[in-house]
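Architecture at a glance
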Amino acid sequence: MTQIDRLRRSVAVEIQKLRAGTPETFTDHVATEEPLEIRLVASDGTFTRISVTMRTPGDDFELAVGFLFTEGILTARDSVKAIAFAEASGDQAGNIVNVCVDDSVDLDPARFQRNFYTTSSCGVCGKGSLEALVIQGCAPPRGSGPLVNASTILRLPAALRQAQSVFEETGGLHAAGLFDDEGNLLGLREDVGRHNALDKLIGKCFLAGELPLSDRVLLVSGRTSFELLQKAAMSGIPFVAGVGAPSSLAVDTARAFGITLVGFLRRDGFNIYAGAARVQMDL
């Protein structure tokens, strides 16, 4: 038996728990996962379906614009005229977001195909993926970026975990958090998908007119992949840390775009894969 409260980000599920060979009935909470369709709506009312992603409901408008920005489809906050849920019933209610844009946004479907090909082209060629980011407008972060004490970096995972309200209930969500150079948490978003959590966070900053994030530190709760580094590069983030391992292409991307990359971040240490000059060894 499953009960879903659509205003919540978790689902109450009746389960059988086996302990010491004896099954017992309990109510558990798991993270909600539902599809979100992202549409671009032109000034004449016509729309283009851009993507469907599986996500945890909540911060859906931020997720939509964050995704569109990091894919190079949106470039300016002023081009977004309105964001709203599409009228729908049944299972689709609350799961379709319309992003209404002005005529400055190129809505040519062929352009979207090119964008999604280039940003996912690591399966074809890692070098091609890096070249695609340059074509999309990625460049090294503005300025020198933050200089962060090693002792501050070590405190970030605990600060992130403490702020993960839904994770505490379900144990099943990833998180992306933005910090300043002193380790103060400035923003956090959670989702079942690592990429969605970061898109929500970047979307929040996009809508607030805070991009590029050239003086911020990003912490992600899992491993760091090319896609996460791509989104960081598009947003001008100069410092990325992950509690898990980076991929080879994530390392290549960090080095190509001047991003500091920290991995295997634990309370007692971490690895620096790129940009060590931004880490101040104060231990």
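Cut-off values and rules
- Residues numbered from 1 in each chain as written.
- Predicted model: local features only at pLDDT ≥ 70, side-chain atom pairs only at ≥ 80, totals over all residues.
- Heavy atoms only, no water.
- Phe/Tyr/Trp six-rings, centres within 6.5 Å; stacked < 30°, edge-to-face > 60°.
- Helix = DSSP H or I, 4+ residues; strand = E, 2+ residues; numbered from the N terminus.
- Buried < 20%, exposed > 50% of the residue type's maximum accessible area, 1.4 Å probe, protein only.
- Expected span 1.5 Å × (residues − 1).
- Pairing = 2+ DSSP bridges.

1. Observations concerning the packing of aromatic side chains
The tally for this structure, following the rule as stated, stands at two aromatic pairs. With centroids separated by 5.0 Å and ring planes inclined at 45°, the aromatic side chains of F61 and F85 adopt a geometry described as tilted. A residue pair is termed long-range when its members are at least 10 positions apart, and F61 in helix α1 (residues 60-70) and F85 in strand β6 (residues 80-85) qualify at 24 residues. Owing to a relative accessible area of 27%, F61 belongs among the partly exposed residues under this scheme. With 5.5 Å between their ring centres and 45° between their planes, F69 and F206 make a pair best called tilted. Here F69 is found in helix α1, whereas its partner F206 is found in helix α6 (residues 194-207), with 137 residues between them in sequence. Assigned by exposure class, F69 and F206 land together as buried.

2. Notes on α6
Across its 14 residues, α6 extends 20 Å between first and last C-alpha, which sits within 8% of the 20 Å expected from 1.5 Å per residue. Looking at the residues trailing α6, positive phi occurs at G209, about 70°.

3. Some remarks on the pairing of strand β10 (residues 185-191)
Counting buried positions along β10 yields five of seven residues, so the element is predominantly enclosed. The sheet contact formed by strand β9 (residues 174-179) and β10 spans six bridges and is antiparallel. Directly across from L178, in β10, lies its bridge partner G187. Counting the residues that bridge the hairpin from β9 to β10 gives five residues, and of these G183 lies at a positive phi of roughly 85°.

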